[in-house]
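Chain by chain, the residues run as shown.
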Amino acid sequence: MQLNFLVMKKAVLVIATILTLCSFKSESNVGIPSGEKLVFAGSYNMSGLMTQLAQVTLSTDIVTTSKNAYLHLNCELATYAKWDKFFKIRDLYESYVDPITLKPSLYKRSIDEGGYIKKEKYVFKGNSVTSTTKKRTTPETTKTFTIGASTQDVVSIMYKLRTMDLSKMKTGQAQSFTIVFDETQIPVTVKLLGMETVSAGNLGSKNCYKLSIGAKTDVLKGKDKNLIYLTADAKKVPALMKFSIPVGTGQLALTSASGI
């Protein structure tokens, strides 16, 4: 059970980050609003049944400093209380980005997974990132590494696709990109499979862009088995995410959307 929870958690993270990476032509009238809140139910296929195990919450707000205003992107992952005795997860991912370009300035990660604790901070300056990492029983470490001009952190990239003009894509069209996670740059391929109507929680049934995600990682498996469905409107709200991993399958389904 603990292994299944851990792998599910890693797959949820990968899906929720890399599968929304893209950089097509921007729509000038589309932006990510402050005060938005999206809640997802995370499920894992247990003995042939999709069982809800965790909740993922994405939220946004504006943070102002003496010099700049940032859009604060917040991602929380928590197992439901009844599953905590098997494997308790309380993770927090945060990104502070330019409200217009979504280019990150600061990324923070704090995880508590079955008693394993880790904290990270990434500071972005141009094509350079300085990371500070502290694990439960090890000394703090610092590392500086170079990234590509369009590389982003794993939270801000979740919002990037929603500012892009996906209507310009053709079915079967794919492009390759990069994200940075765990001080490593990860190549990602995003392909449009077509359109499909899915349930979008309190938003009702929505016609959605169906995107397939491929990545050079051993967490995800299968061709066109890792998917994200974005509402085919100006808001491009993620309505459903499906993932396939070595020990099974799962999904993140939107249950509630507000402030959009």
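Because the structure is a prediction, the values reported are computed rather than measured.

Colleague: Just to check I follow, could you spell out the pattern of salt bridges for this structure?
Modeller: It is possible for side chains bearing opposite charge to pair when their charged atoms get close. Taken as a whole and judged by the stated rule, the model has 7 salt bridges. Note that R162 and E36 form a salt bridge whose closest N and O atoms lie 2.8 Å from each other. One end of the pair, R162, is in the loop between α2 (157-160) and β9 (174-181); the other, E36, is in the loop between α1 (2-18) and β1 (37-46), and 126 residues separate them in sequence. Across the pair D182 and K118 runs a salt bridge whose closest N-O atoms are separated by 3.3 Å. In this pair, D182 is assigned in the loop between β9 and β10 (184-199) and K118 in strand β6 (residues 116-125), connecting sequence segments 64 residues apart. Where salt bridges share partners, they join R109, K118, E120 and D182 into one cluster.

Colleague: Please explain the packing of aromatic side chains as it appears in this structure.
Modeller: Within a pair of aromatic rings, the relevant descriptors are the distance that separates the centres and the angle that separates the planes. Counting across every chain of the model gives 3 aromatic pairs. For the pair Y122 and F145, a centre-to-centre distance of 6.2 Å together with 85 degrees between the ring planes defines the contact as edge-to-face. With Y122 in strand β6 and F145 in strand β8 (residues 141-146), this residue pair connects regions lying 23 residues apart in the sequence. The two residues Y122 and F145 agree in class, both being buried. Put simply, the rings of Y107, Y122 and F145 touch in pairs and so form one group of aromatic residues.

Colleague: How do you make sense of the environment of V129 when you look at a structure like this?
Modeller: Within the secondary structure, V129 sits in strand β7 (residues 128-135). In the structure, V129 is positioned 18 residues away from I147 in sequence and 7.1 Å away in space, judged by C-alpha atoms. When residues no more than four places from it in sequence are discounted, the contact partners of V129 are Y122, V123, F124, K143, T144, F145 and I147.

Colleague: Whenever I open this one, unusual backbone geometry confuses me. Can you help?
Modeller: Peptide bonds are mostly trans, and most non-glycine residues show a negative phi. One non-glycine residue, E183, adopts positive backbone phi at about 60 degrees. Along the chain, the position of E183 falls in the loop between β9 and β10. A positive phi is found at K236, a non-glycine position, where the angle reads about 50 degrees. Tracing the backbone shows K236 in the loop between β12 (227-231) and β13 (238-245).

Reading the values: rules and limits
- Residues numbered from 1 in each chain as written.
- Predicted model: local features only at pLDDT ≥ 70, side-chain atom pairs only at ≥ 80, totals over all residues.
- Heavy atoms only, no water.
- Salt bridge = Lys/Arg side-chain N within 4 Å of Asp/Glu carboxyl O.
- Helix = DSSP H or I, 4+ residues; strand = E, 2+ residues; numbered from the N terminus.
- Phe/Tyr/Trp six-rings, centres within 6.5 Å; stacked < 30°, edge-to-face > 60°.
- Buried < 20%, exposed > 50% of the residue type's maximum accessible area, 1.4 Å probe, protein only.
- Contact = heavy atoms within 4.5 Å.

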